Amino acid sequence: MATSAELAMIGLVVVPLAAAIAVFMAAGRSAAAWGVVAAAVQFGLVVWLTRSILVLGPLRYRMGGWEAPLGIPLYADGVTALMLIMTAVVGSATTIYAIGYFSAAKHGHADSSNQQAEQAFWPLWLVLWSALNALFLSGDIFNLYVTLELLTLSAVALIGLAGRARALVAAMRYLIAALVGSLFYLLGVALMYSAYGTVSWELLGEQVRPDAVTLWAAALMIVGLLLKTALFPLHFWLPDAHANAPAPVSGLLSGLVLKASFFIILRLWFFVFAPVMASQAGPLLSGLGAAAIVWGSLQAVRQQRVKRMIAYSTVAQIGYLFLVFGLADGESAMAAWRGAAYFAFAHACAKTAAFMVAGSLMHAAASDDLDRWEGIGRREPMLMFAFGLAGVSLMGLPPSGGFIAKWLLLNAAVSGGHWGLAVVMLVGGLLTAVYVFRVVAISLSASAPQPATVPVPRVMRWPPLALAVVVVVCGIVTTEPLRLLEVGSPFSPVAEAEP
């Protein structure tokens, strides 16, 4: 008989999937209501599961009672819980925002989608939510592949909802890149299964040996996932996909979808392939992360379209996540681990809020061209306040979750003697300030008359503000989240015993 925590693990996958089926069967009627109900249930399940993890430690559940390697295992530790919380927070805000977004679309404003797009959004979004939860809870590398593919196909369809030629081209480019990455990953899974006879990542972590097959499998899987995560220089598909998708989808892509493939890399690197990774591999990934920070930030500064600016900002911010692979050694390992996971959460909330603000102001001004936004912040002060709060986290200023995350990464860099990475983090923060303040300054400009705008629905104002406030709260309330990240961590001083 499954415990309540195990039922919560199952519910996190089943509830949004059931809601997606219900929306599809109802032909779109009451779709938003199903989304809101699913979001509320998700919050309750995530809270219960997180509490159980803090009390009991890592949780394992074998579907149908079958043990590995035959059964389908579910696994949840501290970093899993944080990713599920991230998905619930961002997903709930996106659900509410999408209601206002598609309501405005019905009135024929710019950057709007037709009624068919709205009907397609809800089941696709709920399937994507289910796939995200299933991925974070998956206990074997093949199920990680299955959930990642379901996630990818949902994301591609969501990008195409905008209906414009540029959006469709961006969706196809993303699909091709994602399929190539999936092929690499699946080849690695096949090699691992042929060598060890199991796809359970816990069992693989106990059995891996530094032979040619394992090294090839690791290389194939990591490279495939780097393509899906859009780490520089494999980011070619990201700016167009994020900039041309509908505003709710842009936030989901940047805030959640990219974190899924990064989470798999994190899981594989430290829990499966750690004994066989060459000493140069970690610095290589962190070097690419540093290059992403500088190059993505410089490209963001050059952009005139706000959504494209935020998309290039994502290229840069993803680079911070990959610093952990070069910093997680010696006494600084735990700080780097905490910093990377905390940064993923803070970035998800801040970047989704930024895309929501961009979508709302794009609706108001009928454009996301920065020249059309002169003085618009004086007409929509709440939205600009939300953008400013999100920017504080992206810059890494206190009090924000981004500050805590970058402080942990910076401490790890300094204590480990990685001075180059420390300098890059500081430069990245300064470049982020340039493009954030550029948007704020133009939008609040008093020299230009307030532009003619259409009203922004109230429900499109509150979700980005709520996410921005969450990021600030994460910079103040840190004890419990950081303690959560110790549960099941590969760098925890107390090893978790197998039950």
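Before reading further, recall that the structure is shown in the block above.
Residues numbered from 1 in each chain as written. Predicted model: local features only at pLDDT ≥ 70, side-chain atom pairs only at ≥ 80, totals over all residues. Heavy atoms only, no water.

**Q** It is not clear to me how the overall build of the chain should be interpreted in this structure. Could you clarify?
**A** Summing up its helical and strand segments, the chain has 20 helices and 2 strands in all. For the chain, the spread of C-alpha atoms along the three principal axes comes to 65 × 55 × 40 Å. Taken across its 499 residues, the chain has 62% of its residues classed as buried. When the 26 positive and 22 negative side-chain charges of the chain are each reduced to one mean point, those points stand 12 Å apart. (Helix = DSSP H or I, 4+ residues; strand = E, 2+ residues; numbered from the N terminus. Buried < 20%, exposed > 50% of the residue type's maximum accessible area, 1.4 Å probe, protein only. Lys, Arg positive; Asp, Glu negative; His and termini not counted. Charge placed at Lys NZ, Arg CZ, Asp CG, Glu CD.)

**Q** Is there a simple way to think about helix α5 (residues 141-159) in this case?
**A** For an α-helix, the turn length of 3.6 residues means that residues three or four places apart are oriented alike. Compared with an ideal rise of 1.5 Å per residue, which puts 19 residues at 27 Å, α5 spans 27 Å between its outermost C-alpha atoms and is within 8% of the ideal. Of all 19 residues that make up α5, 14 are buried, and the element is covered over most of its length. The distance from a side-chain oxygen at the start of α5 to the backbone nitrogen of Phe142 is 3.0 Å, and the residue carrying that oxygen is Asp140. (Expected span 1.5 Å × (residues − 1). Polar contact = N/O pair within 3.5 Å; in protein donor to acceptor, adjacent residues only side chain to side chain.)

**Q** Can you help me understand the pattern of salt bridges in this one?
**A** When the charged atoms of two side chains with opposite charge come close together, those side chains can pair. Overall, the coordinates contain 10 salt bridges when judged by the stated rule. We note a salt bridge from Arg209 to Asp211, for which the minimum N-O separation is 3.0 Å. With a closest N to O distance of 2.1 Å, Arg338 and Glu486 form a salt bridge. Residue Arg338 is found in helix α14 (residues 333-365), and its partner Glu486 is found in the segment after α20 (479-484); the two are separated by 148 residues along the sequence. Exposure remark for Arg338: the relative accessible area of 19% places this residue in the buried category. Taking relative accessible area as the criterion, Glu486 reaches 28% and is therefore assigned partly exposed. When salt bridges with common partners are traced through the structure, they connect Arg173, Asp240 and Arg308 into a single cluster. (Salt bridge = Lys/Arg side-chain N within 4 Å of Asp/Glu carboxyl O.)

**Q** Even after reading the chapter, I still don't get unusual backbone geometry, so can you show me in this structure?
**A** If a residue is not glycine, its phi is most likely negative; likewise, a peptide bond is most likely trans. Omega for the bond connecting Phe232 with Pro233 falls within 30 degrees of zero, at 5 degrees, which places this linkage in the cis form. Within the fold, Pro233 resides in the loop between α8 (212-229) and α9 (238-244). Each neighbour pair has its own omega, and for Pro398 with Pro399 the value is -5 degrees, a cis peptide bond. Of note, Pro399 is situated in the loop between α16 (381-395) and α17 (401-415). With phi around 65 degrees, Ala230 is a residue other than glycine that occupies positive phi space. Position of Ala230 among the secondary structure elements: in the loop between α8 and α9.

**Q** Looking at this model, I keep getting lost on the state of the cysteines. Mind explaining?
**A** Cysteine pairs can be covalently joined through their sulfur atoms, and such a bond is termed a disulfide. If you walk through the whole model with that rule in mind, you get 0 disulfides. Free of any disulfide, Cys349 has its nearest neighbouring cysteine sulfur in Cys474, separated by 6.0 Å. (Disulfide = S-S within 2.5 Å.)

**Q** What is the right way to read the packing of α14 against α16 from this model?
**A** If you want to describe how two helices pack, look at the angle between their axes and the distance between the axes. For the pair α14 and α16, interaxial distance at closest approach is 9 Å and the crossing angle is 150 degrees. It follows that α14 is roughly antiparallel to α16 by the angle criterion. In this structure, the crossing between α14 and α16 has a hand that is left-handed. On the side of α14, the interface is formed by Ala346, His347, Ala350, Lys351, Ala353, Ala354, Val357, Ser360 and Leu361, while α16 contributes Leu383, Met384, Ala386, Phe387, Ala390, Ser393 and Leu394. Taken together, the residues that form the contact of α14 with α16 break down as 12 nonpolar, 3 polar and 1 charged. (Axes fitted to C-alpha atoms, helices over the stretch in contact; angles between N-to-C directions. Parallel < 35°, antiparallel > 145°, perpendicular 65-115°, else oblique. Left-handed = near helix turned anticlockwise from the far one by under 90°. Contact = heavy atoms within 4.5 Å. Nonpolar A, V, L, I, M, F, W, Y, C, P; charged D, E, K, R; others polar.)

**Q** Looking at this structure, I do not really get the packing of helix α12 (residues 306-321) against α14. What am I missing?
**A** Contact geometry for α12 and α14: axes closest at 10 Å, N-to-C directions at 180 degrees. When the axis of α12 is compared with that of α14, the two are roughly antiparallel. On α14, the residues touching Val306, Lys307, Ile310, Ala311, Ser313, Thr314, Gln317, Tyr320 and Leu321 of α12 are Ala340, Phe343, Ala344, His347, Lys351, Ala354, Phe355, Ala358 and Met362. Grouping the constituent residues of the contact of α12 with α14 by class yields 12 nonpolar, 4 polar and 2 charged.

**Q** Looking at this model, I keep getting lost on the nonpolar core. Mind explaining?
**A** Where a protein is soluble and globular, its nonpolar side chains tend to be buried together. If you look at the biggest cluster of nonpolar residues, it comprises 189 residues, and the most contacted ones within it are Leu49, Ile141, Tyr185, Met192, Phe322 and Phe325. When residues in this core are grouped by element, the largest group, 22 residues, is from α14. In contact with Ile141, other than residues within four places in its own chain, are Tyr185, Val189, Met192, Val199, Trp201, Leu204, Met221 and Leu268. (Core = buried A, V, L, I, M, F, W, Y, C linked by side-chain atoms within 4.5 Å.)

Taken by themselves, the reported measurements are silent on function.
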